[in-house]
Amino acid sequence: MNVNNLVAILNGLDNQDLDMRLYFTRKKPNGRYLSYSPTVGPDLQIELKGMGLKALEKVQDAEQREFSPIGTIEGCIETCQASEVTSFNEILQSMEEDYVNRQQIPDEEVSRLTFYCLKIFTTHGDILFFRRVTKFNKLKGGFFGKFANNDFRKLDDTLLGIDPNVDIVIFNGEMLILNHISLERIFSIHDQYQEKATRTLGLVQSANKITNFEQFSEDCLSDARVTRALTKLLNEENRMSQVFANFENVINVIDIFDLKIELADENTKIVYEDKSQLMDITRLIRDSFYKTYMGNRDGYDEGI
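Source: prediction; values computed, not measured.

### Things to note about empty space enclosed by the protein
So, point 1. Within the structure shown, the criterion is met by 1 cavity of 30 Å³ or more.
So, point 2. Along the walls of the largest cavity sit L48, M51, G52, Y116, L118, F129, R131, I162, D163, N165 and V166, which together make up its complete lining.
So, point 3. Top element by residues in the lining of the largest cavity is helix α2 (residues 42–58). It accounts for 3 residues.
So, point 4. Grouping the constituent residues of the lining of the largest cavity by class yields 7 nonpolar, 2 polar and 2 charged.

Structure follows, in structure tokens:
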């Protein structure tokens, strides 16, 4: 994403003629999204735009990399296509005129809201800023208050905080991910990880190189870290095929790294016994073990 272009677009907007909407959203128990869109005054609109602008200015020179389910590299920000996130269209639909709730947000709903979206309309396309909401918890045995006209008044617990940070920016179908974990939490992509990991496991099963595969599959899908790794592996199918096609190298890696993995059927299959083997077997499937050129040192990808 061209961050400099976004900064220029926002700087070019007339603060006296801003066109934006603010949405507060939560996911309902049935999996659908519910969004509220309260009125935002002119002064607050300018402040909100300024917060989004400052967040972008901070990452103008940051290196961008494609989003990886297994984690990001420090100092880098990630990108991906919004179309790759299954829930994105459902969230957008909850913000459309036919669905969005423009009535006053009930007090009991405030604690259920999980994120907000600032949508700024421009002639170049809509710019969307997403951020998880900050909630003010009750003081244990006390309360928050404020001074008003020399009176001290108690504040209720229906307050939401909007800080100057931004988790995700979306422009023309592309996501700029400033906070890695927020993509998972805002867009609830755990189910998407499960679906992709299941597809990866189907490819692993077809290779017929792991015994007790049903238990292996069940354990993989119950481990969030392994599920993320298998999700990424779905885009590395050739890498996985090469591992199984050169099974003698699997045997060598098991010996070199002294992995607690047994082999069966004349050393042609991995014997899966329990969850303690998940990480090592996943690393084998992903071809994560390596030897350095300069130091001739053995190692493996710490990502999984």
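### Quick word on a nonpolar patch on the surface
So, point 1. Residues F143, F147 and F152 make up a contiguous nonpolar surface patch of roughly 390 Å² in combined accessible area.
So, point 2. Following the sequence through the fold, F152 ends up in strand β9 (residues 151–154).

### Focus on the nonpolar core
So, point 1. Residues L56, I127, F129, V169 and L176 are the most contacted members of the largest nonpolar core, which totals 33 residues.
So, point 2. Elements with a contribution of two residues or more to this core: α1 (3–11), β1 (20–27), β2 (33–36), α2, β5 (115–120), β6 (127–132) and β11 (168–171).
So, point 3. Apart from the residues within four sequence positions on either side, I127 is in contact with L6, I9, L10, L118, K119, I120, T122, V169, I170 and F171.
So, point 4. Of all hydrophobic cores here, the second largest spans 26 residues; its members include F213, F216, M240 and L278.

### Overview of the sheet that holds strand β13 (residues 210–211)
So, point 1. The sheet built from 3 strands is open, its strands ordered β13-β15-β14 with mixed pairing. Each edge of the open sheet carries a strand with a single partner, namely β13 and β14 (262–264).
So, point 2. Of the pairings in the sheet, the one linking β13 to strand β15 (residues 269–271) comprises 2 bridges and is parallel in character. If you follow T211 over to β15, its bridge partner there is V271.

The rules behind the values
- Residues numbered from 1 in each chain as written.
- Predicted model: local features only at pLDDT ≥ 70, side-chain atom pairs only at ≥ 80, totals over all residues.
- Heavy atoms only, no water.
- 1 Å grid on protein atoms, 1.4 Å probe; cavity = no way out; pocket = protein on both sides within 12 Å on 5 of 7 lines; lining within 4 Å.
- Points joined across faces, edges and corners; volume = space filled by probe spheres on them.
- Helix = DSSP H or I, 4+ residues; strand = E, 2+ residues; numbered from the N terminus.
- Nonpolar A, V, L, I, M, F, W, Y, C, P; charged D, E, K, R; others polar.
- Patch = residues over 30% accessible without salt bridge, like charges linked within 9 Å, V, L, I, M, F, W, Y side chains within 5 Å.
- Areas by Shrake-Rupley, 256 points an atom, 1.4 Å probe, with all protein chains shown as cover.
- Salt bridge = Lys/Arg side-chain N within 4 Å of Asp/Glu carboxyl O.
- Core = buried A, V, L, I, M, F, W, Y, C linked by side-chain atoms within 4.5 Å.
- Buried < 20%, exposed > 50% of the residue type's maximum accessible area, 1.4 Å probe, protein only.
- Contact = heavy atoms within 4.5 Å.
- Pairing = 2+ DSSP bridges.

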